[in-house]
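Observations on the three-dimensional arrangement
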Amino acid sequence: MKVTHVVFDCNDLDVVARFWGALLDLETTRRDADWLDLEPLGDDGPVLSFQLVPEGKAVKNRVHLDLDVPDIAAAGERARALGATPASEPMGENPARPFQVWYDPEGNEFCLCTG
(Lines give C-alpha, C1' and ligand atoms only; values in the text may rest on other atoms or scores of the structure.)
Protein backbone atom coordinates (compact mmCIF):
# COMPACT_ATOMS: atom_id res chain seq x y z
CA MET A 1 0.00 0.00 0.00
CA LYS A 2 1.00 3.59 -0.58
CA VAL A 3 -0.59 6.82 0.61
CA THR A 4 -1.47 8.75 -2.55
CA HIS A 5 -3.56 11.63 -1.13
CA VAL A 6 -4.00 13.49 2.13
CA VAL A 7 -7.51 14.96 1.90
CA PHE A 8 -8.99 17.93 3.75
CA ASP A 9 -12.76 18.34 3.91
CA CYS A 10 -13.66 22.00 3.49
CA ASN A 11 -16.48 24.42 2.77
CA ASP A 12 -14.49 26.67 0.42
CA LEU A 13 -12.06 24.85 -1.87
CA ASP A 14 -10.38 28.01 -3.10
CA VAL A 15 -9.75 29.61 0.29
CA VAL A 16 -8.32 26.49 1.91
CA ALA A 17 -6.31 25.35 -1.13
CA ARG A 18 -4.94 28.88 -1.65
CA PHE A 19 -3.75 28.92 1.98
CA TRP A 20 -2.05 25.50 1.82
CA GLY A 21 -0.63 26.12 -1.66
CA ALA A 22 0.94 29.40 -0.54
CA LEU A 23 2.15 28.00 2.79
CA LEU A 24 3.82 24.96 1.19
CA ASP A 25 4.66 26.61 -2.17
CA LEU A 26 2.54 24.13 -4.15
CA GLU A 27 0.58 24.76 -7.34
CA THR A 28 -2.92 23.51 -8.16
CA THR A 29 -2.84 20.53 -10.54
CA ARG A 30 -6.55 19.66 -10.71
CA ARG A 31 -9.75 21.60 -10.01
CA ASP A 32 -13.29 20.20 -10.26
CA ALA A 33 -16.51 21.56 -8.76
CA ASP A 34 -16.01 19.61 -5.53
CA TRP A 35 -12.32 18.60 -5.56
CA LEU A 36 -8.93 20.30 -5.81
CA ASP A 37 -5.42 18.79 -5.89
CA LEU A 38 -2.12 20.50 -5.22
CA GLU A 39 1.25 19.20 -6.34
CA PRO A 40 2.64 16.16 -4.50
CA LEU A 41 4.38 16.71 -1.17
CA GLY A 42 8.02 16.03 -2.06
CA ASP A 43 9.38 14.03 -4.97
CA ASP A 44 7.28 10.93 -4.35
CA GLY A 45 4.95 12.15 -1.63
CA PRO A 46 1.18 12.12 -1.49
CA VAL A 47 -0.96 14.79 -3.12
CA LEU A 48 -2.57 17.34 -0.83
CA SER A 49 -6.27 17.34 -1.84
CA PHE A 50 -9.37 19.28 -0.81
CA GLN A 51 -12.92 17.97 -0.95
CA LEU A 52 -15.97 20.21 -0.80
CA VAL A 53 -18.40 19.15 1.96
CA PRO A 54 -21.60 20.81 3.20
CA GLU A 55 -20.94 20.54 6.94
CA GLY A 56 -18.49 22.69 8.88
CA LYS A 57 -15.68 21.45 11.09
CA ALA A 58 -17.10 20.66 14.53
CA VAL A 59 -14.35 18.97 16.59
CA LYS A 60 -10.58 18.54 16.75
CA ASN A 61 -8.99 16.85 13.73
CA ARG A 62 -8.05 13.22 14.24
CA VAL A 63 -5.18 13.62 11.73
CA HIS A 64 -3.05 16.71 11.16
CA LEU A 65 0.13 17.75 9.36
CA ASP A 66 3.38 18.48 11.20
CA LEU A 67 5.50 20.96 9.23
CA ASP A 68 9.22 21.02 9.94
CA VAL A 69 10.48 24.63 9.95
CA PRO A 70 13.80 26.17 10.99
CA ASP A 71 12.12 28.95 13.01
CA ILE A 72 8.56 28.56 14.33
CA ALA A 73 8.20 32.29 15.04
CA ALA A 74 9.02 33.26 11.44
CA ALA A 75 6.94 30.40 10.03
CA GLY A 76 4.08 31.38 12.33
CA GLU A 77 4.13 34.98 11.09
CA ARG A 78 4.05 33.72 7.50
CA ALA A 79 1.15 31.37 8.32
CA ARG A 80 -0.71 34.21 10.06
CA ALA A 81 -0.22 36.51 7.04
CA LEU A 82 -1.78 33.79 4.86
CA GLY A 83 -4.84 33.44 7.12
CA ALA A 84 -3.87 30.97 9.88
CA THR A 85 -4.49 31.60 13.57
CA PRO A 86 -2.50 30.21 16.48
CA ALA A 87 -4.20 27.53 18.59
CA SER A 88 -1.47 27.44 21.23
CA GLU A 89 1.71 29.06 22.41
CA PRO A 90 5.00 27.40 21.41
CA MET A 91 5.50 24.33 23.62
CA GLY A 92 7.43 21.10 24.00
CA GLU A 93 9.56 19.19 26.46
CA ASN A 94 12.77 20.32 24.77
CA PRO A 95 12.97 24.16 24.69
CA ALA A 96 15.47 23.92 21.82
CA ARG A 97 12.89 22.07 19.69
CA PRO A 98 9.51 23.75 20.25
CA PHE A 99 6.33 23.18 18.29
CA GLN A 100 3.15 25.21 17.97
CA VAL A 101 -0.40 24.26 16.97
CA TRP A 102 -2.16 26.45 14.38
CA TYR A 103 -5.54 26.56 12.60
CA ASP A 104 -5.88 26.98 8.83
CA PRO A 105 -8.61 29.37 7.55
CA GLU A 106 -11.34 26.73 8.16
CA GLY A 107 -10.04 25.59 11.55
CA ASN A 108 -8.04 22.50 10.53
CA GLU A 109 -5.15 22.01 12.95
CA PHE A 110 -1.51 21.76 11.90
CA CYS A 111 1.77 22.02 13.81
CA LEU A 112 4.86 24.04 13.10
CA CYS A 113 7.79 22.01 14.47
CA THR A 114 11.51 22.60 14.76
CA GLY A 115 13.80 19.76 13.74
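Residues numbered from 1 in each chain as written. Predicted model: local features only at pLDDT ≥ 70, side-chain atom pairs only at ≥ 80, totals over all residues. Heavy atoms only, no water.

Turning our eyes to something else, we now look at the sheet that holds strand β7 (residues 99-103). The strand order across the open sheet built from four strands is β5-β8-β7-β6, with neighbouring strands paired in mixed fashion. Two strands in the sheet have a free side with no partner beyond their single neighbour: β5 (65-68) and β6 (85-86). Pairing of β5 with strand β8 (residues 109-113) involves four bridges; the strand directions are parallel. By the bridge assignment for β8, aspartate 68 is matched with cysteine 113. Packed on one face of the sheet, helix α1 (residues 13-24) meets β5 and β8 and runs near 30° to β5. Lying over the sheet, helix α2 (residues 72-81) contacts β6, β7 and β8, oriented at roughly 145° with respect to β8. (Pairing = 2+ DSSP bridges. Helix = DSSP H or I, 4+ residues; strand = E, 2+ residues; numbered from the N terminus. Contact = heavy atoms within 4.5 Å. Axes fitted to C-alpha atoms, helices over the stretch in contact; angles between N-to-C directions.)

Within the structure shown, the criterion is met by five aromatic pairs. Each ring, one from phenylalanine 8 and one from tryptophan 20, has its centre 5.2 Å from the other, and the planes form 35°; the classification is tilted. With phenylalanine 8 in strand β1 (residues 5-10) and tryptophan 20 in helix α1, the pair connects residues that are twelve residues apart, well separated along the chain. Look at tryptophan 20 and you get buried, because its relative accessible area is 0%. On the numbers, 5.5 Å between centres and 25° between planes, the contact of phenylalanine 8 with phenylalanine 50 is stacked. Separated by 42 residues along the polypeptide, phenylalanine 8 in strand β1 and phenylalanine 50 in strand β4 (residues 47-52) bring together distant segments of the chain. (Phe/Tyr/Trp six-rings, centres within 6.5 Å; stacked < 30°, edge-to-face > 60°. Buried < 20%, exposed > 50% of the residue type's maximum accessible area, 1.4 Å probe, protein only.)

Let us now look at the side chain of serine 88. Within the secondary structure, serine 88 sits in the loop between β6 and β7. A distance of 3.1 Å separates a polar side-chain atom of serine 88 from the backbone nitrogen of valine 101. Apart from the residues within four sequence positions on either side, serine 88 is in contact with Gln100 and Val101. (Polar contact = N/O pair within 3.5 Å; in protein donor to acceptor, adjacent residues only side chain to side chain.)

A word on the environment of asparagine 108. Counting through the fold element by element, asparagine 108 comes out in the loop between β7 and β8. For asparagine 108, a relative accessible area of 7% corresponds to the buried category. As a C-alpha pair, asparagine 108 and alanine 84 span 24 residues in sequence and 9.5 Å in three-dimensional space. Not counting chain neighbours up to four residues away, the residues in contact with asparagine 108 comprise Phe8, Asp9, Lys57, Asn61, Trp102 and Tyr103.

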